[in-house]
Structures are given as structure tokens and as C-alpha cells.
Amino acid sequence: MLENPISTLYPINEIFQTIQGEGVFTGVPAIFIRLQGCPVGCPWCDTQHTWEQRESDQVEATEVVEKEQPSSNWASMTADEMVKLIEAKGYTAKHVVITGGEPAMFNLIPLGQALEQKGYQLQIETSGTFAIQVTPSTWVTVSPKLDMPGGYLVRPDCMKRANEIKYPVAMQKHIEQFDKLLKACPPRAEAIIALQPISQRPRATELAIKVCIERNWRLSAQLHKYLKIE
């Protein structure tokens, strides 16, 4: 039996409405639910404030909605509470992105069910290092993180579940590592593969464009950073 979405608690770092800036849904209005907690340790991560879930940082739910500044503050909320909060804010987007942190550390089925019952489309963005627990219709974006300080391995089951594989690159060795991963953990045939230049570095962008053209993959250019929006 699935967990009751009324009682399942999630650590929420922030909730806000914006434009999705990455991957297949680039340009789509979206509600972001950012979860607190991630042990993977990517050096270039731009949300390092979400890594630790400290009791001293726990706050009321109202303090994580549309934060003015990034912080490690988080609130404990149920799926039902999040849906009610989103409705109360009057958000118009119908696409919801669960990100982090590392959202796959948590069972997202109750949250997905609660959102889908209200007509929302769900997407998660995960490193592929934890078992993915989502509804069947959830769009899964796996952004594989290889050889990170946390020591976690990308899981074959995560690669197989992915609708979209969005891989961060900065140099040629990252392409070579990615090729090895695709061979060891092949995705489904219809999975979309995109390369994402790390931190908009010119050389990384040039490399990603070159490889995407050669292999007929997609480029994920992190539109939100160019537009300077969250």
C-alpha cells in the first residue's frame, strides 16, 4: 500500500514559480519545489545550500515560499499541504518540477499523486544515484553525476527509467565518461539525450555544441541563467 500523502513529510527548501530553463521543457512556465538534502557533492553545484538538513534550519512553511535569498532554511510539509499552498498562491503554471538537493532520496509517489489529482504535470530532476520512486506519468530527468566526492554510483535502473538524460560537461573527458556510462547502463531507446555546458563556460559550450551536432543530441543551455532568473 502506498503512503498516505496527507501524512508523508517532505523537507522543502523553497517553492516558487518561474520558467523552466533546462532540458526538454525549456521555456515552459513551471512551479519548482526544491527539496532539502543531497550527499552527492558536485563541486560546481549552484544550490549547495540544499545539501545539509539541519534541525536548526527548520522554519515555518510560509518562510520557504518565494524566498528572497537562497538559504539552508527548510520546512517540513505534506503533499496535501504543498498542493493547498500552491493553490493559495494562485500560480498559473501546470508543470511542477521537483528538484533539490536530491529529490530521489524521498518517496515521491504520494506527492506525485496529490499533484496529478489536481491536474499538474510532474517532472523530477535527479542525479540517478538513488532509486526513483515516482508515479508512472512523471517525467524523469536524470542528470548523471559521475566520480563525485560523495562516492555515489549512477544506477542502471535510473538510467532505464529516464525520459530525458541531461549530462553536464566541461571537457572531453566528460564525454568519454558519459560514453562509458551509456554502454554500461543503456537508457531506453526513446530517451532524449542532452548535453549541458557546466556554468556556461565558453569551452564547455563549444564542446557541447560540437558533440550534439555530431550525434544528433540536444543542447541544454540553462536559459534561466542567461536570462538571470531563478
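In the block above lies the structure referred to throughout.
Attention in this report is confined to the structure presented alongside it. (Residues numbered from 1 in each chain as written. Predicted model: local features only at pLDDT ≥ 70, side-chain atom pairs only at ≥ 80, totals over all residues. Heavy atoms only, no water.)

**Structural notes on the sheet that holds strand E9 (residues 218-219)**
Stage number 1. Taken in spatial order, the nine strands line up as E3-E1-E2-E4-E5-E6-E7-E8-E9 in an open sheet, and their pairing is mixed. What marks the edges here is a single partner per strand, and that holds for strand E3 (75-78) and E9.
Stage number 2. Contacting strand E1 (9-19), strand E2 (29-35) and E3, helix H1 (residues 79-89) runs over the sheet at an angle of about 95° to E3. (Pairing = 2+ DSSP bridges. Helix = DSSP H or I, 4+ residues; strand = E, 2+ residues; numbered from the N terminus. Contact = heavy atoms within 4.5 Å. Axes fitted to C-alpha atoms, helices over the stretch in contact; angles between N-to-C directions.)

**Quick look at helix H2 (residues 109-116)**
Stage number 1. Along H2, six of the eight residues are buried, which leaves the element largely enclosed by surrounding structure.
Stage number 2. Those residues of H2 hidden inside the fold are in contact with E1, H1, strand E4 (95-99) and strand E5 (121-126). (Buried < 20%, exposed > 50% of the residue type's maximum accessible area, 1.4 Å probe, protein only.)

**Some points on helix H5 (residues 202-215)**
Stage number 1. Across its 14 residues, H5 extends 20 Å between first and last C-alpha, which sits within 8% of the 20 Å expected from 1.5 Å per residue.
Stage number 2. Immediately downstream of H5, the backbone of Asn216 shows phi near 60°, a positive value. (Expected span 1.5 Å × (residues − 1).)

**Examining the nonpolar core**
Among soluble globular proteins, nonpolar side chains are generally buried collectively.
Stage number 1. Membership of the largest hydrophobic core comes to 52 residues, with the highest contact counts inside it found for Ile15 and Leu195.
Stage number 2. Element by element, the count of residues in this core is highest for H1, at five residues.
Stage number 3. Those residues in contact with Leu195 that sit more than four places away from it in its chain are Tyr167, Val169, Ile175, Phe178, Ala208, Val211, Cys212, Trp217, Arg218, Leu219 and Ser220. (Core = buried A, V, L, I, M, F, W, Y, C linked by side-chain atoms within 4.5 Å.)

**Observations concerning the side chain of Thr129**
Stage number 1. Here Thr129 lies in the loop between E5 and strand E6 (139-142).
Stage number 2. One polar contact links Thr129 to Ser127, side chain to side chain, over a distance of 2.7 Å.
Stage number 3. Not counting residues up to four positions away in its chain, the partners in contact with Thr129 are Val40, Glu102, Tyr152, Leu153, Val154 and Arg155. (Polar contact = N/O pair within 3.5 Å; in protein donor to acceptor, adjacent residues only side chain to side chain.)

**Structural notes on the pairing of strand E8 (residues 192-197)**
Regular strands place side chains that alternate from one sheet face to the opposite one.
Stage number 1. The element E8 is extensively covered by neighbouring structure, given that six of its six residues are classed as buried.
Stage number 2. Burial along E8 is two-sided: the residues Ile192, Ala194 and Gln196 and Ile193, Leu195 and Pro197 are all buried.
Stage number 3. With six bridges joining them, strand E7 (residues 164-169) and E8 adopt parallel strand pairing. Residue Tyr167 lies in a different strand from E8, and its bridge partner there is Leu195.
Stage number 4. What joins E7 to E8 is helix H4 (residues 172-184), and the crossover it makes is right-handed.
Stage number 5. Bridging between E8 and E9 involves two bridges; their strand directions are parallel. (Right-handed = clockwise from strand over helix to strand, strands pointing away.)

**Here we look at the packing of aromatic side chains**
Stage number 1. This structure, assessed with the given rule, holds five aromatic pairs.
Stage number 2. Ring geometry for Phe16 and Phe32: centres 5.4 Å apart, planes at 10°, overall stacked. With Phe16 in strand E1 and Phe32 in strand E2, this residue pair connects regions lying 16 residues apart in the sequence.
Stage number 3. Residue Phe32 is classed as buried on the basis of its relative accessible area of 8%.
Stage number 4. Look at Tyr167 and Phe178: their rings are 4.2 Å apart centre to centre, the planes differ by 10°, and that puts the pair in the stacked class. (Phe/Tyr/Trp six-rings, centres within 6.5 Å; stacked < 30°, edge-to-face > 60°.)

**Notes on the pattern of salt bridges**
Stage number 1. Summed over the entire model, instances satisfying the criterion amount to ten salt bridges.
Stage number 2. Across the salt bridge formed by Glu14 and Arg34, the nearest N and O atoms sit 2.9 Å from each other. With a gap of 20 residues between them, Glu14 in strand E1 and Arg34 in strand E2 connect regions that are remote in the sequence.
Stage number 3. Using a relative accessible area of 10% as the deciding quantity, one classes Arg34 as buried.
Stage number 4. Of the charged contacts in the structure, one is a salt bridge between Asp157 and Arg155, with a shortest N-O distance of 3.0 Å.
Stage number 5. For Asp157, a relative accessible area of 37% corresponds to the partly exposed category.
Stage number 6. Judged by its relative accessible area of 32%, Arg155 falls in the partly exposed class. (Salt bridge = Lys/Arg side-chain N within 4 Å of Asp/Glu carboxyl O.)

Don't take any of this as a statement about function, it's just geometry.
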